[in-house]
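Here is how the chains run, residue by residue.
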Amino acid sequence: MAERDGAGTGSGKMSLHRCETCSKEEAKYRCPRCMKYSCSLLCVKKHKLALSCNGVRDKTAFVSVNEFTDLNLLSDYRFLEDVGRTADAAARHCTVHSPATKRLLQCLRNKARGCNIELKTLPVGFTKRRENSTTFNSMENKFYWHLKLVFPHCHAEYTLKRVPDDKTLTDILKPYIDPVESDPVVCQRLKIYTASPQSDVQILMKIENRSRNSVRWQ
């Protein structure tokens, strides 16, 4: 999705911006998600591919008080209504009260506690909870984790499923930032990392339970 910029704001405004993808033509569109300017449908598609951008406006993005308008208030109100409906639908879903679901979750928590891991889960109905593929293999006595790798300097994210708990971080990152063994397309996209000495690359984890506009890593 891309919005035609200038509507309601004056068509002359776009002449101040060039396409941030090709850097040749004047911009005609602005992405509601990442606010990047594009000149054509082709450049819109290219920017989505390069930045893993879905083009959908982030309804939970932080808006300062000075920039807050009636439209933001209406958007927040509708968002809360959607959240209420989703939570109600999730609470009514049969899997929430399923004994099998509860036993599986309790088993995961017990196994994690045995490994000195505090396992926290989101309520049923949340997208991250639904997409999470983390499981425990009793035969192998190991966890298979659902991981999300974030490369902030390149605005890139990758999701990994069923990563065994005995796999080292070096091996996990090798297909992405190793200058020899990484995928050529990924290597080009993450060239800031692949071109840097591996000793300069820091691996941090996001601190949970913080507000959206106060993200911290450690």
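As annotated in an unreviewed UniProt entry, the chain is Box C/D snoRNA protein 1 from Lepidothrix coronata. Under Subunit (unreviewed entry), UniProt gives the following word-for-word description of the chain: "Interacts with FBL, SNU13, NOP58, NUFIP1, RUVBL1, RUVBL2 and TAF9. Interacts (via HIT-type zinc finger) with the RUVBL1/RUVBL2 complex in the presence of ADP."

Engineer: Which parts of the structure should I look at to understand the UniProt feature "domain: HIT-type" (unreviewed entry) in the chain?
Structural biologist: The UniProt feature table records "domain: HIT-type" (unreviewed entry) at residues 19–53. Helix makes up 31% of residues 19–53 and strand 11%, and the two end C-alpha atoms of the span are 16 Å apart.

Engineer: Please clarify how the packing of aromatic side chains should be interpreted in this entry.
Structural biologist: We describe a pair of aromatic rings using the distance from one ring centre to the other and the angle between the two ring planes. Counted according to the given criterion, the structure contains six aromatic pairs. Taking the centre distance of 5.2 Å and the plane angle of 75° together, the rings of Phe 151 and Tyr 193 count as edge-to-face. Separated by 42 residues along the polypeptide, Phe 151 in strand 5 (residues 142–151) and Tyr 193 in helix 7 (residues 191–194) bring together distant segments of the chain. Taken as a pair, Phe 151 and Tyr 193 share a single burial class, namely buried. Among the aromatic residues, ring-to-ring pairing joins Phe 151, Tyr 158, Tyr 176 and Tyr 193 into one connected group. Of note, Arg 162 hangs over the ring of Tyr 144, and the distance from its end group to the ring centre comes to 4.5 Å.

Engineer: Would you explain the sheet that holds strand 6 (residues 156–164) in this entry?
Structural biologist: Backbone-to-backbone hydrogen bonds join strands into a sheet, with any given pair of strands oriented parallel or antiparallel. Spatially, 4-5-6 is the arrangement adopted by the three strands of the open sheet, whose pairing is antiparallel. At either end of the open sheet lies a strand with only one pairing partner, and these are strand 4 (135–137) and strand 6. Put simply, the sheet's adjacent strands are angled 25° from each other on average, direction ignored. As paired strands, strand 5 and strand 6 are joined by seven bridges and run antiparallel to one another. Each bridged residue has a counterpart across the sheet, and for Leu 149 the counterpart in strand 6 is Tyr 158. Seen against the sheet, helix 5 (residues 169–177) touches strand 5 and strand 6 and runs at an angle of roughly 35° to strand 5.

Quick notes on the rules
- Residues numbered from 1 in each chain as written.
- Predicted model: local features only at pLDDT ≥ 70, side-chain atom pairs only at ≥ 80, totals over all residues.
- Heavy atoms only, no water.
- UniProt positions renumbered as here; feature names shortened; annotations may be inferred.
- Helix = DSSP H or I, 4+ residues; strand = E, 2+ residues; numbered from the N terminus.
- Phe/Tyr/Trp six-rings, centres within 6.5 Å; stacked < 30°, edge-to-face > 60°.
- Buried < 20%, exposed > 50% of the residue type's maximum accessible area, 1.4 Å probe, protein only.
- Lys NZ or Arg CZ within 6 Å of the ring centre and 35° of its normal.
- Pairing = 2+ DSSP bridges.
- Axes fitted to C-alpha atoms, helices over the stretch in contact; angles between N-to-C directions.
- Contact = heavy atoms within 4.5 Å.

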